[in-house]
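The lines below spell out each chain.
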Amino acid sequence: MTTTQTRSAPTGARPKPPSKARSTVALLATAAIVIATVWAVDARWERFPAIFTEAPTYISLMVEGLVQNPLEMPWSEYWTKTSGYMFESLQMAWMGTVIGALLSFPLSFLAASNVAPRWVVLPVRQLLNIIRALPEIVLAIAFMIPIFGLGALAGTMALGIGSVGTLGKLSSEAIEEVDRGPVEALRATGANTLQSLRWAVVPQALPEIVAFWLYRFEINIRASAILGIVGAGGIGSILSQLFNARLWDRIGITLVVIIVVTVIVDQISAAVRRRIIFGSARPSAEMATGPVEVA
Amino acid sequence: MIEFRDVSVTYPNGTKGLDGVTLTIPDGQFVVVVGLSGAGKSTLVRTINGLVPVTGGELTVNGENLVGASKRRLRGLRSRIGMIFQSFNLVNRVTVLNNVLTGRLHSTGMLRSLLGWFSADDKERAFDALERVGIVEKAYIRASQLSGGQQQRVAIARALAQEPQVVLADEPVASLDPPTANAVMRDLQRINRELGITTVVNLHFLDLARRYGDRIIGMRAGKVVFDGTAAEADDAVFEEIYGRSLTAEDVAEREPGALA
Amino acid sequence: MSAPAPTAAVTSRGRPRKPPPSIGAITALVVFVAVTLWSAIGVEFTLSPLIVNLTRGSDVIEQYLHPNWEILTRPAVREGFLETLYIAILASLVGCLIALVLAMLASKVSAPNTGVYQVMKLILSLVRSLPDVAYGLLFVAFVGSGALPGILALIVFNIGVVAKLTSESIDAVDHGPVEAVEAAGATRFQRGRYAVLPQVAPNYLSYCFYVFELNLRASLVLGFVGAGGIGEVIMLLVSRLEHSSVSAVVIMLFAIVFVLDQASRAVRRRLT
Ligand SMILES: Nc1ncnc2c1ncn2[C@@H]1O[C@H](COP(=O)(O)OP(=O)(O)OP(=O)(O)O)[C@@H](O)[C@H]1O
Ligand SMILES: [Mg+2]
């Protein structure tokens, strides 16, 4: 061949391109929903431009609070007070995670189909699903505040119970994924069920389960900030007060404290999780990344 | 003594794993089971410790009937039978010593086994077992950090720690290279000779079967088709066990290569 | 390996010594105990309200266990639910579209250069460090209360979640097609459009449905700070101590989330 031509004459019927009807319909349907929604929602869109005038004003007010000498009164007090609330949020998140871990650990075995019989697995899974559907704020308002009164303890208990659903589900999945081989080997030595759980199942699943606990801790930090809004302790309580009083300089300080503490704790927790899963500081995989699940 | 009397195994999905097997394995014998994939070798070995339930006939190990044995009795029986697997089945994240100690769980109380407080006696037995397979220096290393051959030795030590009367091995060397496979087989043979433990091994490699087996049992479609000494098991016998189709396939596979 | 060793002759000769517990394990234990003590003291942890006075608050809980279904027929409640739905739809759509672009910039595979990639990663982790309720408070202050601040707050929140998840999916994409398209002389944009996007599209779509569900749930909290939706109704009922009505509305919200979740699963199955 001397030319670079690679085309050949058409030799016969070519396949018809597949219909694009489905994606077109999907696109049109989406557009219709958007238009209908924008039209139906009473959002008072005309206020939207205000964001371009208001936001810079308020942000500069916040920055003003941030650039003050943090060692001088009253700024030093603002920083320490805010940090105190944030630490309370951390304490709630940690204690909530500990409670969630303690309660979910036994439940996760009962929810694992390779450990418990079906008639146990199904109801336990259902229980975990129900807990998973309940947000912490509902648990706080409906159960924990009536029992424990306003304050951090109610928030802690709400986080703890709220964690049981996800932790139980994720842990039971980790248990279901263990290698059957060692379990069978222990059965063959004459070990009983509890012994083979302890020596064949737990060693395999525990690192992952502990990583889930840490992951849940990261989520609980964010959740604990929300609980303050209903009076269940933590940084959320001061946040809504400050916004009501429009104390922008202190709002700036509060937001910065939340961001800095959250990012630092996330980084530490992610590093520990990586170590637990991989046994070294090798980065990779989903488990090693930050939390996204909020519900 | 292990006695099969017309033993059949039908799996829940209807597959016949064993079909009327009658066998007697006297104490201290080294038995090698050979056969095509799917012939029922694993099934045969696993019925001996009740990992696969017998659905017909009678099976006794040292006079104890396995058919219809209670869970508790079955556990007691299993504690006297060690088992070695093709994929080692060690708990990877646990030390070698603790893996071997799991062979002592059958006589360890609930609280002690939960906390990992094994008695000094049990530790002594575990070390002893590790010495027998020559890897005592790895006792405190995680099992996952060992080579395949070393892992299989740990598995043998786990079985030895049970102080068993019988050792079952389901293709113990199928995932190992030939020199390592020979070394592991020698370990098994030595243990059989030194401690007089009855040993039943499934093998895929015919040369290993001849070299180490006192007695060779050939299986096909769930039935015993050969039962004799290694000397009696000549090429003709193996052809019989594996069927002529295998030889034909071998030739067919070689032909394109020969042409090229 | 000659004669079998008699059991009496067994010595500990040649046996390894048990290594001391690792420094890492000890540190972890100490840190765990210390942090747990610090937290327990900080939140004044006690279970005594459960034991000492089990009936405390039982009348409130009682009301929650007997929902007042009639409340659901009120027009304000119906409008609240509709507003929640509108907010969730608009916020997920806009948020997911912006998130797709940012995700492309936040993955090593598709970012124009490492600088952009690192800055984007940082921005996204900052965005995610604030809870949705903080965005709600901010936007209510910026544009006044109602559905608009709710939409804006959830857009920012969705960007944080979807961009992060999608950028991770992009990181994990098969490099073969990317190289093939590059070898054919494609531009950076074409590479993203034809080699990366098709691979992550199913994941991306499922993340979008996922945040839609999160947004329905978030409306509960956002309403508490004046950012529209059914949460505003719930807050009003809570402040009036109409617990059985709160219960009915919350249960209804979860019924809606459940039904929409099932519907979106069906849609997803058809799309992928
Ligand atoms: N758990 C099971 N459920 C159903 N059928 C099974 C099960 N285990 C084995 N079988 C079937 O029983 C028959 C004998 O299987 P077995 O595992 O004993 O063969 P094998 O000789 O060990 O083969 P291989 O060399 O491949 O290990 C096969 O047909 C197999 O498909
Ligand atoms: Mg087999």
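As shown above, the structure is provided for reference.
I will try to describe carefully the structure that is included in this document. (Residues numbered from 1 in each chain as written. Chains lettered and ligands numbered in written order. Predicted model: local features only at pLDDT ≥ 70, side-chain atom pairs only at ≥ 80, totals over all residues. Heavy atoms only, no water.)

Digging into the sheet that holds strand β4 (residues 56–61) of chain B
Residue and element names in this part refer to chain B.
Right, so step 1: Taken together, the four strands give an open sheet; going across it, the order is β2-β1-β4-β5, and neighbouring strands pair in antiparallel fashion. At either end of the open sheet lies a strand with only one pairing partner, and these are β2 (16–25) and β5 (64–65).
Right, so step 2: Here strand β1 (residues 2–10) runs beside β2; their pairing, made up of six bridges, is antiparallel. Directly across from Ile-2, in β2, lies its bridge partner Ile-25. (Pairing = 2+ DSSP bridges. Helix = DSSP H or I, 4+ residues; strand = E, 2+ residues; numbered from the N terminus.)

Focus: the site of ligand 1
Residue and element names in this part refer to chain B.
Right, so step 1: Ligand 1 sits among 13 residues. The nearest are Ser-37, Gly-38, Lys-41, Ser-42 and Thr-43.
Right, so step 2: Between ligand 1 and Gly-38, the relevant distance is 2.7 Å, taken from an oxygen atom to a main-chain nitrogen or oxygen of the residue.
Right, so step 3: In isolation ligand 1 has 640 Å² of accessible area, and contact with the protein removes 62% of it.
Right, so step 4: When grouped by side-chain class, the residues that make up the shell around ligand 1 number three nonpolar, eight polar and two charged. (Near = heavy atom within 4 Å. Polar contact = N/O pair within 3.5 Å; in protein donor to acceptor, adjacent residues only side chain to side chain. Areas by Shrake-Rupley, 256 points an atom, 1.4 Å probe, with all protein chains shown as cover. Nonpolar A, V, L, I, M, F, W, Y, C, P; charged D, E, K, R; others polar.)

A word on the sheet that holds strand β3 (residues 30–35) of chain B
Residue and element names in this part refer to chain B.
Right, so step 1: Strands sit in the order β6-β7-β8-β3-β9-β10 across an open sheet of six strands; the sheet is mixed. Strands with a single pairing partner mark the edges of an open sheet, and in this sheet they are β6 (81–85) and β10 (223–229). Between one strand axis and the next, the sheet turns by 15 degrees as a mean value, whatever way the strands run.
Right, so step 2: Bridging between strand β9 (residues 215–220) and β10 involves six bridges; their strand directions are antiparallel. Paired with Arg-215 across the bridge in β10 is Thr-229. (Axes fitted to C-alpha atoms, helices over the stretch in contact; angles between N-to-C directions.)

Regarding the packing of aromatic side chains
Right, so step 1: As enumerated under the stated definition, the model contains 14 aromatic pairs over all chains in all.
Right, so step 2: Ring plane angle 80 degrees and centroid distance 5.2 Å describe the contact between Phe105(A) and Phe109(A), whose orientation is recorded as edge-to-face. With Phe105(A) and Phe109(A) both in helix α3 (residues 75–110), this residue pair falls four residues apart, about one helical turn.
Right, so step 3: Phe105(A) gets classed as partly exposed once you look at its relative accessible area, which sits at 26%.
Right, so step 4: What makes Phe109(A) buried here is its relative accessible area of 11%.
Right, so step 5: Summarising the aromatic geometry, the rings of Phe105(A) and Trp213(A) are spaced 6.3 Å apart at their centres and angled 70 degrees between planes, so their arrangement reads as edge-to-face. In this pair, Phe105(A) sits in helix α3 while Trp213(A) sits in helix α8 (residues 193–227), placing the two residues 108 residues apart along the sequence.
Right, so step 6: Within the aromatic cluster, the residues linked to one another by ring pairs are Tyr58(A), Phe243(A), Trp248(A), Phe139(C) and Phe142(C). (Phe/Tyr/Trp six-rings, centres within 6.5 Å; stacked < 30°, edge-to-face > 60°. Buried < 20%, exposed > 50% of the residue type's maximum accessible area, 1.4 Å probe, protein only.)

Focus: the side chain of Ser244(C)
Residues and elements named next belong to chain C.
Right, so step 1: Within the secondary structure, Ser-244 sits in helix α11 (residues 243–271).
Right, so step 2: By relative accessible area, which is 18% here, Ser-244 ends up buried.
Right, so step 3: Here Ser-244 is in contact with Gln-63, His-66, Pro-67 and Asn-68, once residues within four sequence places are set aside. (Contact = heavy atoms within 4.5 Å.)

Notes on the nonpolar core
Right, so step 1: In terms of nonpolar packing, the biggest core is built from 121 residues, with Ile137(A), Trp248(A), Phe142(C) and Ile234(C) touching the most fellow members.
Right, so step 2: Tallying contributions element by element places helix α7 (residues 147–171) of chain C first for this core, with 13 residues.
Right, so step 3: Residue contacts for Trp248(A): discarding those within four places in its chain leaves Tyr58(A), Leu61(A), Met62(A), Phe243(A), Leu138(C), Ala141(C) and Phe142(C).
Right, so step 4: Val94(B), Leu97(B), Val136(B) and Ala181(B) belong to the second-largest nonpolar core, a separate cluster that totals 71 residues. (Core = buried A, V, L, I, M, F, W, Y, C linked by side-chain atoms within 4.5 Å.)

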